[in-house]
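# Structure at a glance
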Amino acid sequence: MQPTDKHYQDYVQILREELVPAMGCTEPIAIAYGAAKAREVLGSIPERVLVEASGNIIKNVKSVVVPNTGGLHGIEASAAAGIVAGKADLMLEVISQVTDAEKDAIRDYMANHKIEVRPAEGDIVFDIILTLWAGEDSVKLRISDFHTNIVYIEKNGEVLLEAGHSCAETPTEALTDRSFMSVEGILEFVETMNVDDVREMVERQIDYNYAIAEEGIRNDWGANIGSVLLRHNGDDVATRARAMAAAGSDARMSGCEMPVIIASGSGNQGITASVPVIVFAKALGVDHDTMVRAVTLSDLLTIHLKTGIGRLSAYCGAASAGCASGAAIAWLHGGGYAEIAHTLVNSLATISGMVCDGAKPSCAAKIALAVETGLLGYHMYQDGQQFYGGEGIVTKGVENTIRNVGRLGHTGMRETDKEIIRIMTGL
């Protein structure tokens, strides 16, 4: 694939869109970002706030600690943090520069101001609507489809931005079409690309995500899944790959204030796609650029697997990233298209259907299982074993199986998603 080819440039742009830094779970951070931007438009601290959020947003914000708030969690804390201390120009690092005084101010704001939360109307899976009031002034802001995609801003009845037609400074973002992506095309891109075209993005991911994984092992975070794995399963490379990925989530889900590089809108997926591959690359002693290629392969496969499912669903996104990391590890061992395709099919057949019941410490355990499944898929291929078309959701051809998984996660698990949300909210 040549750098002048359209799809070559598309792959680079997709990575540019996806591999962005975020501090904290991305759904509460999206609320904080929207709140900070709405406060900026309002021009003052609001006296009253209404947050309307879709079920998947409520699910993913309910149980996770919001960083830089002194241990607070929930939609109210996310909105208050953005209003009091958020810097909207930092996007998904909106609350990365909170002072101790501002942490106290966030708590004071929550204690003395009304922040009302309601389920958003309609069927948009990713939907956040914030309305802020201060005296006679009001601002309404909406984020839809992905975390920084502001689609509507209104102040005092005047529309400042709507569906990409903006008279504000920042236009609505749009993601590059991903329908052209394929396992074969991704592999060709990774093997022929000029590493410098992705170096800055992927090296930052390697640095950030491995650092938070090390933090998760060193200190007491969440349920300490990473440390538990190492304590009970030894220190072989496969265990380290699972444990380090889990440890990154241990820290991130419990309020660690270190940033991560996300993939498919998720820090946990960004960690799962990268950290196991880094562990294997280090153990195999490959050169640095080969590590960069392998992580890029895992990132793009994760994005490809998630495209048909969507940003948020009842399908655990770590499953996709774990399968992708297994395929990238197969490539590090010298595997080509056949090894990658079979690793993906074998692992997708095994783990597809693991549910997402929100962001919380148990995500780390799911990540460990997803990475283990990705490795199992590769080991099956090494031993001449595979799942065949017609067995469950597996069908002939890796792309057809990926489409089936997308259909399962996007359409088939829609009612499951609603029931999970009802269970979590007690409705």
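Let me sum up the structure you'll find in this document. (Residues numbered from 1 in each chain as written. Predicted model: local features only at pLDDT ≥ 70, side-chain atom pairs only at ≥ 80, totals over all residues. Heavy atoms only, no water.)

### Describing the side chain of S144
Along the chain, S144 falls in strand β5 (residues 137–144). A relative accessible area of 5% places S144 in the buried class. Not counting chain neighbours up to four residues away, the residues in contact with S144 comprise I124, F126, D127, N149 and V151. (Helix = DSSP H or I, 4+ residues; strand = E, 2+ residues; numbered from the N terminus. Buried < 20%, exposed > 50% of the residue type's maximum accessible area, 1.4 Å probe, protein only. Contact = heavy atoms within 4.5 Å.)

### Remarks on helix α1 (residues 6–18)
Between its first and last C-alpha, α1 extends 18 Å over 13 residues, near the 18 Å set by a 1.5 Å rise per residue. Buried residues along α1 sit against α6 (183–192), α7 (199–218) and α11 (288–307). (Expected span 1.5 Å × (residues − 1).)

### A closer look at the pairing of strand β2 (residues 48–53)
Successive residues of a regular strand alternate their side chains across the two faces of the sheet. Within β2, five of the six residues are buried, which leaves it mostly tucked inside the rest of the structure. Strand direction decides the pairing type here: β2 and strand β3 (residues 114–119), joined by six bridges, are parallel. Of the residues in β3, the one forming a bridge with V51 is V117. Pairing geometry for β2 and strand β4 (residues 127–134), over six bridges, is antiparallel. Within the sheet, the bridge partner assigned to V51 lies in β4 and is L130. (Pairing = 2+ DSSP bridges.)

### As for the side chain of T302
With respect to the helices and strands, T302 occurs in helix α11. Classification of T302 by relative accessible area gives buried; the value is 0%. For T302, the side chain forms a polar contact with the main-chain oxygen of S298, separated by 2.8 Å. Ignoring sequence-local partners within four residues, the contact set of T302 consists of S264, Q269, A273, S320, A321 and A324. (Polar contact = N/O pair within 3.5 Å; in protein donor to acceptor, adjacent residues only side chain to side chain.)

### Some thoughts on helix α15 (residues 398–412)
The end-to-end C-alpha distance of α15 is 20 Å, a good match for the 21 Å that 15 residues give at a rise of 1.5 Å each. For α15, the set of buried residues is V398, E399, T401, I402, V405, G406 and G409. Viewed along the axis of α15, the buried residues span an arc of 160°, placing them on a single side of the element. Those residues of α15 that are exposed and aimed more than 90 degrees away from the buried face are R403, R407 and G412. (Arc of directions from axis to C-beta.)

### Some remarks on the packing of aromatic side chains
Inspection of every chain in the model, using the stated rule, returns three aromatic pairs. With a centroid separation of 5.0 Å and an interplanar angle of 70°, the aromatic rings of Y8 and F189 are classed as edge-to-face. Remark: F189 occurs in helix α6 and Y8 occurs in helix α1; sequence separation between them is 181 residues. Y8 gets classed as buried once you look at its relative accessible area, which sits at 0%. One aromatic cluster is present, formed by Y8, Y11, F180 and F189 through successive ring pairs. (Phe/Tyr/Trp six-rings, centres within 6.5 Å; stacked < 30°, edge-to-face > 60°.)

### Comments concerning the pairing of strand β6 (residues 150–155)
The pairing of β5 with β6 spans five bridges and is antiparallel. Counterpart to K140 in the pairing with β6 is E154. What sits between the antiparallel neighbours β5 and β6 is a turn of five residues, in which D145 has the positive phi angle 80°. Two elements, β6 and strand β7 (residues 158–162), share four bridges in a ladder whose sense is antiparallel. Following the sheet pairing, I153 is matched in β7 by L161. Between the end of β6 and the start of β7, which pair antiparallel, lie two residues, with N156 showing a positive phi angle near 50°.

### Quick look at the pattern of salt bridges
One pass over the full model with this rule turns up 20 salt bridges. The partner of K6 in a salt bridge is D10, with the nearest N and O atoms 2.9 Å apart. You can see K6 and its partner D10 sitting in helix α1, four residues apart, about one turn around the helix. With a closest N to O distance of 3.3 Å, R218 and E215 form a salt bridge. Taken as a pair, R218 and E215 lie in helix α7 at a separation of three residues, close to a single helical turn. Residue R218 is classed as exposed on the basis of its relative accessible area, which comes to 56%. The class of E215 is buried, set by a relative accessible area of 11%. (Salt bridge = Lys/Arg side-chain N within 4 Å of Asp/Glu carboxyl O.)

### Let's talk about the packing of helix α13 (residues 337–351) against α15
Relative to each other, α13 and α15 sit at 30°, their axes nearing to 10 Å. Between α13 and α15, the interaxial angle falls into the category roughly parallel. Considering only the axes of α13 and α15, their crossing is left-handed. Where α13 abuts α15, its residues Y337, A341, L344, V345 and L348 lie against V398, T401, I402 and V405. Taken together, the residues that form the contact of α13 with α15 break down as eight nonpolar, one polar and no charged. (Axes fitted to C-alpha atoms, helices over the stretch in contact; angles between N-to-C directions. Parallel < 35°, antiparallel > 145°, perpendicular 65-115°, else oblique. Left-handed = near helix turned anticlockwise from the far one by under 90°. Nonpolar A, V, L, I, M, F, W, Y, C, P; charged D, E, K, R; others polar.)

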